[in-house]
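# Report on the structure
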Amino acid sequence: MAALLILAVAGAAYFLSRPRTDTSAPAETPNPAPAAAPETPPTPSATPTPEPEPPPVALNILLVGSDSRVNARAEAASGARSDQRSDVLVFIHLPADRQSVYGISIMRDLWVDIPGYGAAKINAALELGGVPLQALTVSALLGQRIDHTVMLDFEGFSALTDALGGVVVDVKLPFSSTVDTRYYFPPGANRLNGAQALSFVRERHAFVDGDYQRVRNQQTFLKAALAKLLNEGGLADRNTVRELVRTVLPHVTLDASFTLASLEHLAYSLRSTAPGRGVFFTLPTAGTGTSRDGQSIVLQDPAATAAVSAALAGQTLAEYVAANNLQNGN
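An account of the accompanying structure is given in this report. Predicted model only: the values in this text are computed from it and were never measured. (Residues numbered from 1 in each chain as written. Predicted model: local features only at pLDDT ≥ 70, side-chain atom pairs only at ≥ 80, totals over all residues. Heavy atoms only, no water.)

With that settled, the discussion passes to the side chain of arginine 108. Structurally, the position occupied by arginine 108 is in the loop between strand S3 (101-105) and strand S4 (111-114). When neighbours within four sequence positions are excluded, arginine 108 is seen to be in contact with Ser86, Asp87, Lys121, Ile122, Asn123, Arg204, Asp211 and Arg214. (Helix = DSSP H or I, 4+ residues; strand = E, 2+ residues; numbered from the N terminus. Contact = heavy atoms within 4.5 Å.)

A few words on helix H4 (residues 154-163). A large share of H4 lies buried, amounting to 7 of its 10 residues. Of the residues flanking the end of H4, it is glycine 165, one or two places downstream, whose phi is positive at about 80°. (Buried < 20%, exposed > 50% of the residue type's maximum accessible area, 1.4 Å probe, protein only.)

It is worth spelling out the sheet that holds S3 at this point. Spatial strand order, S11-S6-S1-S2-S3-S12: 6 strands in an open sheet with mixed pairing. Bordering the open sheet on either side are strand S11 (252-254) and strand S12 (278-282), each of which pairs with just one other strand. Each neighbouring strand pair of the sheet contributes to a mean axis angle of 20°, computed without reference to strand direction. Where strand S1 (residues 59-66) lies against strand S6 (residues 148-152), 5 bridges are found, and the strand directions are parallel. By the bridge assignment for S6, leucine 63 is matched with valine 150. (Pairing = 2+ DSSP bridges. Axes fitted to C-alpha atoms, helices over the stretch in contact; angles between N-to-C directions.)

Residues in a regular strand point their side chains to alternate faces of the sheet. The pairing of S4 with strand S5 (residues 118-121) spans 4 bridges and is classified as antiparallel. Across the sheet, the residue bridging to tryptophan 111 is lysine 121, located in S5. Connecting the antiparallel pair S4 and S5 is a turn made up of 3 residues, with glycine 116 showing a positive phi of about 90°.

In this section: helix H5 (residues 194-202). Burial of H5 is extensive: 7 of the 9 residues sit out of reach of the surface. All buried positions along H5 are accounted for by Gly194, Gln196, Ala197, Leu198, Ser199, Phe200 and Val201. By the N-cap criterion, in which a side-chain oxygen at the helix start approaches the backbone nitrogen of a residue two or three places on, H5 is capped by asparagine 193, the distance to alanine 195 being 3.2 Å. (Polar contact = N/O pair within 3.5 Å; in protein donor to acceptor, adjacent residues only side chain to side chain.)

In this structure, Leu110, Ile114, Ile122, Val138, Leu141 and Phe281 are the most contacted members of the largest nonpolar core, which totals 37 residues. Of all the secondary-structure elements, those providing two or more residues to this core are S1, strand S2 (86-94), S3, S4, helix H3 (124-142), S12, helix H9 (302-313) and helix H10 (317-323). Sorting elements by how many residues they give to this core places H3 first, with 10 residues. In contact with isoleucine 122, not counting residues within four places along its chain, are Ser86, Leu89, Ile106, Met107, Arg108, Leu110, Val112, Gln134, Thr137, Val138 and Leu141. Ranked by size, the runner-up nonpolar core spans 33 residues in total, among them Val101, Val150, Phe154 and Leu222. (Core = buried A, V, L, I, M, F, W, Y, C linked by side-chain atoms within 4.5 Å.)

The next subject is the environment of histidine 93. Within the fold, histidine 93 resides in strand S2. In sequence terms histidine 93 and asparagine 60 are 33 residues apart; their C-alpha atoms lie 4.7 Å from each other. When sequence neighbours within four positions are dropped, the list of residues in contact with histidine 93 reads Ala58, Leu59, Asn60, Val101, Tyr102, Leu312, Gln315 and Leu317. Of note is the side chain of histidine 93, whose polar atom sits 2.7 Å from the side chain of asparagine 60.

Quick look at the structure:
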């Protein structure tokens, strides 16, 4: 979802901000008057040299998917306390060479230290201090600066799917949704509309390993949606991008530093990224447990977390993925 959303918004920023080129033929003038004697043309002024595009740098983008069914994004963006938690957390890493896109899912019940509040599930940070505290918590966990944040709620996710005309996912583990639609997802190719896609990425009670399979389904959807957008040329068609962004932006909150210029540069830097170079995996954990106050939680794997953090810091995430056979997730 994050990579797809960023590509869509960035592509729109680039394509919609480009000046249009008038390619229509000039109107003919019947019986033109004799041409006047040519005048001495003025000395042309020097054409300014266009400012070169800054070279791409590595970027970290945090996707926050709120479980709110009402529009409470303003409260979360401001850092205020609100009645919502992060249902989805994906740390997106874009290397400076832009040859790959990495998505690291973080289990929403991961037991961490929330700065200023102490030990709690990582998704509680959104409730306690909005997007700023959620970003600070993930940053502390991975030892990485977060350059941008993107937040969307249920409506935004559903709208994005419908704007794409639906998304086809390959269901490896068939199941029936236990909430809302009660939709059945048979094995094989499933074309999902917005409501169905929301059920697909939210379901956890239908699986033996609960949230772990839910996160795998989220990654399956993300890769399928991203491939569709790129393979069908969605970012290359001005009208398609405009319609997609018009539909999605009302349901999305971007951090203040995500300006039109930064989106345009991001779009340029991603233009040579191949659709199949997306790698998505879940931050390794030590399984599940119970907190001292009786909550069901996901336990950290400190050694694995440190290894991911070191790979991010050393720009060796590709080697980490290969060494741990994470090319197709975990």
